[in-house]
Amino acid sequence: LSGTGQQEVLDALRATLATQPGITWEANTFLTERIDETISGYTAPVVVNLFGRDLAVLDAMAHELAAVMRQVPGARNVRVRAAHETPVLRVALDSARLAAWGLDARQVLAAVRSAYGGHVLNEVERDNRRVPVMVLLPAAQRRDGSRLGKLIVARREGAPIRLQDVADVRQMTGRYNILHRNAQRLQVVTAEFEGRDLASFFEALRARVLTDLKFPEGMHPEFTGAAVEQAAARDDLVTHALLAGFGVLLLIHLAVNRLRYLLLILFNLPFSMVGGVVAVLLGGGIVSVGSIVGFVTLFGITVRNSIMLVSHYDHLVRVEGCAWNLETALRGARERLPAILMTALVTALAMLPLTIDSDNPGREIMGPMAAIIVGGLLSSTVLNLLLMPALLYRWGQFGVRLGHET
């Protein structure tokens, strides 16, 4: 399905399941599910872990947290993960009644274990196998919880003693599971979002939780999930990109050999990224990690084209002896036109299939990156051929020797 078709299916599922009480569900693409499970262990982009000691207090705070999360604009499918209860049969032996019948707890529990878990009496040989012979209640009786209290655990003078005679048997609810991490008890609340970007939703959620909830002593929340990892990845990417950019600037300065040309190349970058910004706005205004990678790639292509133009102008003036005037500026732009166009065309054609229907499942990372590269190439190519020659003609000073540069 396309991204639009997938969204229609999800909307239909929500509308249908919303009419069924007590149902919790998730629908994720394969890539999204694998990423979320790897990050937090849950197939949800937003996860809040509550650490504490008292299970009852943890449950109460988890439900309060879930209520706060539902009030955050864009939140949906908020779930308390360890809140499901399962029916259990509780057998509480009465020591006084045991003593009155002359029984001990081990004898009674052994009868219950034999009836429901089985007791091996012997083994029989069948061909080359030994098959255990067990005694236990029939399956139909074992599935009927109301018959547990009528189980015969002993006999005295021919009268059967039933489990309900020496114990209180009640059907109750127990915990489905108890989560632990780092030797601490844990309760988990997860959520999904729609209609806004992950970073803004996560920041709004964090602010609302820390403002509206007062956590008891010994309890603290931990915010995790795709939003935290995305922010960390974005910060790491920006940091490394800045370090790499500094190194690239040094290499550019070595290539063009003049600070003036370096500044002109950098001055051209904001104009050549117009197409990338437009692509982000058309895609919903969300800047993801893939989008940042697209901008970094676009930065490299733009710088390469600018260096090609500057180096060719320098070649025309120093090697071929052309005077630095309007005619030389136009000639250099014409001669570098094929190389710049081929660079943009080959890259755009390679990225175009990913740009079309970029919201399809499996293109969550590559789609935004490709859209920014394609959009940015359109503007960078035009501006490199129109704006850059004009800037170099006005401030390039290719005819000035390095020792006399003003």
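Rules behind the numbers
Residues numbered from 1 in each chain as written. Predicted model: local features only at pLDDT ≥ 70, side-chain atom pairs only at ≥ 80, totals over all residues. Heavy atoms only, no water. Helix = DSSP H or I, 4+ residues; strand = E, 2+ residues; numbered from the N terminus. Contact = heavy atoms within 4.5 Å. Salt bridge = Lys/Arg side-chain N within 4 Å of Asp/Glu carboxyl O. Buried < 20%, exposed > 50% of the residue type's maximum accessible area, 1.4 Å probe, protein only. Axes fitted to C-alpha atoms, helices over the stretch in contact; angles between N-to-C directions. Parallel < 35°, antiparallel > 145°, perpendicular 65-115°, else oblique. Nonpolar A, V, L, I, M, F, W, Y, C, P; charged D, E, K, R; others polar. Bend = angle between axes of the 7 residues up to and from the residue. Expected span 1.5 Å × (residues − 1). Arc of directions from axis to C-beta. Polar contact = N/O pair within 3.5 Å; in protein donor to acceptor, adjacent residues only side chain to side chain. Phe/Tyr/Trp six-rings, centres within 6.5 Å; stacked < 30°, edge-to-face > 60°. Left-handed = near helix turned anticlockwise from the far one by under 90°. pLDDT = per-residue confidence, 0-100.

Asker: Any chance you could break down the side chain of Ser-306 for me, citing the residues and the numbers?
Answerer: In this fold, Ser-306 is placed in helix α12 (residues 289-318). Non-local contacts of Ser-306, meaning those with residues more than four positions away in its chain, are made with Ile-265, Asn-268, Asn-384 and Met-388.

Asker: Mind laying out the pattern of salt bridges, listing which residues take part and the relevant values?
Answerer: Counted under the stated rule, the structure contains nine salt bridges. For the salt bridge of Arg-97 with Asp-168, the shortest nitrogen-to-oxygen distance reads 2.9 Å. In this pair, Arg-97 is assigned in helix α4 (residues 95-101) and Asp-168 in strand β8 (residues 167-175), connecting sequence segments 71 residues apart. Residue classification places Arg-97 among the partly exposed residues on the basis of a relative accessible area of 26%. Residue Glu-320 is joined to Arg-331 by a salt bridge in which the shortest nitrogen-to-oxygen separation is 2.8 Å. Of the two residues, Glu-320 is situated in the loop between α12 and α13 (326-355) and Arg-331 in helix α13; the sequence distance between them amounts to eleven residues. The structure contains a network of salt bridges with shared partners spanning Asp-94, Arg-97 and Asp-168.

Asker: Describe the packing of α13 against helix α14 (residues 366-395), and please don't skip the residues or the numbers.
Answerer: Packing of α13 against α14 brings their axes to within 9 Å, and their N-to-C directions diverge by 175°. Between α13 and α14, the interaxial angle falls into the category roughly antiparallel. A breakdown of the residues in the contact of α13 with α14 according to their chemical character gives 21 nonpolar, four polar and no charged.

Asker: So what about α14? Which residues, and what values?
Answerer: Every α-helical turn comprises 3.6 residues, leaving residues that sit three or four positions apart pointing alike. The largest bend along α14 reaches roughly 40° and is located at Asn-384. The positive-phi residue at the C-terminal boundary of α14 is Gln-397, with phi of around 55°.

Asker: Before we move on, can you summarise helix α3 (residues 55-70) with the specific residues and values?
Answerer: For α3, built from 16 residues, the straight-helix expectation of 22 Å at 1.5 Å per residue is met to within 8% by its first-to-last C-alpha distance of 23 Å. Taken together, the buried positions of α3 are Leu-55, Leu-58, Met-61, Ala-62, Leu-65, Ala-66, Val-68 and Met-69. Along α3, the residues classed as buried sweep out an arc of 160° about the axis, all on the same side. Among the exposed residues of α3, those oriented more than 90 degrees off its buried face are Ala-56 and Arg-70. Against the buried residues of α3 lie β1 (46-52), β2 (75-80), β8, β10 (184-193) and α8 (198-212). Where α3 starts, the residue carrying a side-chain oxygen 2.8 Å from the main-chain nitrogen of Ala-56 turns out to be Asp-54.

Asker: Any details on unusual backbone geometry? Residues and values, ideally.
Answerer: Negative phi values dominate among residues other than glycine, just as trans dominates among peptide bonds. A positive phi angle, close to 55°, is found at Asn-77, a residue other than glycine. The topology assignment puts Asn-77 in strand β2.

Asker: Give a description of the packing of aromatic side chains that names residues and reports values.
Answerer: The final tally for this structure, using the stated rule, is four aromatic pairs. Aromatic pair Phe-193 and Phe-201: ring centres 5.7 Å apart, planes at 20°, arrangement stacked. Classification of Phe-201 as buried rests on a relative accessible area of 0%. Plain terms: the ring middles of Phe-202 and Phe-223 are 6.1 Å apart, the flat faces sit at 85° to each other, and that makes the pair edge-to-face.

Asker: Give a description of the packing of helix α10 (residues 259-272) against α14 that names residues and reports values.
Answerer: At a minimum axis separation of 9 Å, α10 and α14 run at an interaxial angle of 145°. Read as a crossing pair, α10 and α14 show a hand that is right-handed. Counted together, Arg-260, Leu-264, Ile-265, Phe-267, Asn-268, Phe-271 and Ser-272 of α10 and Gly-376, Ser-379, Ser-380, Leu-383, Asn-384, Leu-387, Met-388, Leu-391, Leu-392 and Trp-395 of α14 form the full contact between these two elements. Classifying every residue of the contact of α10 with α14 by side-chain character gives ten nonpolar, six polar and one charged.

Asker: Any details on the environment of Gln-107? Residues and values, ideally.
Answerer: Position of Gln-107 among the secondary structure elements: in helix α5 (residues 105-117). For the pair Gln-107 and Val-153, spaced 46 residues apart in sequence, the C-alpha to C-alpha distance is 7.8 Å.

Asker: Requested: an account of the confidence of the model for the protein, with residues and values cited.
Answerer: Scored by pLDDT, the protein has a mean of 80; 87% of the residues are at 70 or more. Scored below 50 in pLDDT, residues 401-406 makes eight contacts in the model with residues more than four places away or belonging to other chains.

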